[in-house]
Amino acid sequence: MATLELDLAEEAVATRVRKGRRLGMLFWAAIIWVIFVFAVAIFATVLPLPSPTDMDMLERRAPFSAAHWLGTDGLGRDELSRLIYGARISLIVGLCAPVIGITIGGALGMLSGYFRGRFETLVVGSMDVLLAFPPLILVLAIIAFLGQSIFNLTCILGVLGIPAFMRVARAATLTLSRREFVIAAQALGASHARILLRELLPNVILPLFAFFLLGVAVTIVVEGSLSFLGLGVPPPISSWGSMIGEGRESLDVAPRLAFLPAVVMFLTVLSFNLVGDTLRALTDPRQGAL
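Read on for an overview of the structure.

The rules behind each value
Within any chain, residue numbers begin from 1 and follow the written order of that chain's sequence. Two thresholds apply to this predicted model, a pLDDT of at least 70 for residue-level local features and 80 or more for giving and counting side-chain atom pairs, whereas whole-chain, interface and lining totals are computed over all residues. Computation of side-chain values: all heavy atoms of the structure, hydrogens and water removed. Patch building starts from residues that exceed 30% relative accessible area and form no salt bridge, then joins like charges within 9 Å and nonpolar side chains (Val, Leu, Ile, Met, Phe, Trp, Tyr) within 5 Å. Accessible surface area values rest on a Shrake-Rupley calculation with a 1.4 Å probe, where residue burial reflects the displayed protein chains alone. By convention in these notes, a salt bridge is any Lys or Arg side-chain nitrogen within 4 Å of a carboxyl oxygen on Asp or Glu. A run of H or I in DSSP becomes a helix once it reaches four residues, and a run of E becomes a strand once it reaches two; helices and strands are each numbered from the N terminus. Axes here refer to lines fitted to C-alpha atoms; in helices the fit is confined to the stretch in contact. Angles between the N-to-C directions go from 0 to 180 degrees. Orientation categories follow fixed angle ranges, with anything under 35 degrees roughly parallel, anything over 145 roughly antiparallel, 65 to 115 roughly perpendicular, and all other angles oblique. Each crossing gets its handedness from the near helix: less than a right angle anticlockwise from the far helix is left-handed, clockwise is right-handed. Should any heavy atoms of two residues lie within 4.5 Å, those residues are counted as being in contact. Any residue that is not Ala, Val, Leu, Ile, Met, Phe, Trp, Tyr, Cys, Pro, Asp, Glu, Lys or Arg is counted as polar, Gly included; the first ten are nonpolar and the last four charged. The term nonpolar core refers to a set of buried residues drawn from Ala, Val, Leu, Ile, Met, Phe, Trp, Tyr and Cys, joined through side-chain atoms within 4.5 Å. Only protein chains enter the calculation, and the probe is 1.4 Å; a residue is then buried if its accessible area is under 20% of its type maximum, exposed if over 50%, and partly exposed in between.

Let's shift gears to a nonpolar patch on the surface. Together, Leu251, Phe259, Val263, Phe266, Leu267 and Leu270 line one region of the surface with nonpolar side chains, adding up to about 550 Å² of accessible area. You can see Val263 is positioned in helix α11 (residues 256-282).

It is worth spelling out the packing of helix α2 (residues 25-42) against α11 at this point. At their nearest, the axes of α2 and α11 sit 9 Å apart, and the two run at 125° to each other. With respect to α11, the element α2 is oriented oblique. The element α2 and its partner α11 pack so that their crossing is left-handed. Across from Leu26, Phe27, Ala30, Ile31, Trp33, Val34, Val37 and Phe38 in α2, the residues of α11 making contact are Val264, Leu267, Thr268, Ser271, Phe272, Leu274, Val275 and Thr278. Looking at side-chain class alone, the contact of α2 with α11 contains 13 nonpolar, three polar and no charged residues.

Core analysis: the largest hydrophobic core is formed by 35 residues, its most contacted members being Leu200, Val204, Ile220, Trp240 and Phe272. Going through the elements one at a time, α2, α3 (79-115), α7 (162-176), α8 (180-187), α9 (192-228), α10 (240-247) and α11 are the ones with two or more residues in this core. In this structure Phe272 touches Val34, Phe38, Leu91, Leu213, Leu214, Val216, Ala217 and Ile220, once residues within four positions along its chain are discounted. Core analysis: the second largest hydrophobic core is formed by eight residues, Val93, Val139, Ile156 and Leu157 among them.

Function cannot be inferred from these measures alone, as they are strictly geometric.
What follows is the structure, encoded as structure tokens:
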């Protein structure tokens, strides 16, 4: 018995060591970049920055200077200020839309994976119907009907993310619902609500959170693509995608106007992908670890 306990302890230590080794420099660099982007977006109003909407036609496409660290755009607006305030829009949409998906999709996935039967068939069938619609065409139709706004865009992208979160939650619940701790809770007379909230949710939330970070990265790209096409947030509000779209008109004289927001978006999306993928690998439920 003592030998078995020692082997289990050594295996647990080895597992922690392996997990620690996976957190390389890229992971921590991604964490630092995400924290930096959040910090400048949150404290944008207290930073010594000019207004992102103030125009100076005499300073159109001005190069780097002490007054404008990253220069100005085609309408004389400060590029650094627009990048920072644009981060607010991209992060708001990028975070709030997956929150809708993880809340509704995660709940439906857990319920369908636990109760099975007709309810599972209904949920899975409804998600298949939603996936049958081409996402871009659906977004275009809804935005054309409801109008351009941050709220409408966030809700649309959140609804489109529900099927993916539902599948992740359902797959994790199907794996866990027949485990010993769930069967023991059922044998002790625990209610379905208690089993779902106390036994299954703490284990399902880990892969869901890892997928949530990946969803944030995808949503930022989608929002940027829609803003690039002129279907995102309405002007004069700026986002990284709209800045890229406006900068393409100045590629021959000031290519930085398109490349700077593209680089910032690339680094942010890459950072969320790295963090999410690393957490997904670390929280991947294995039969021997549950």
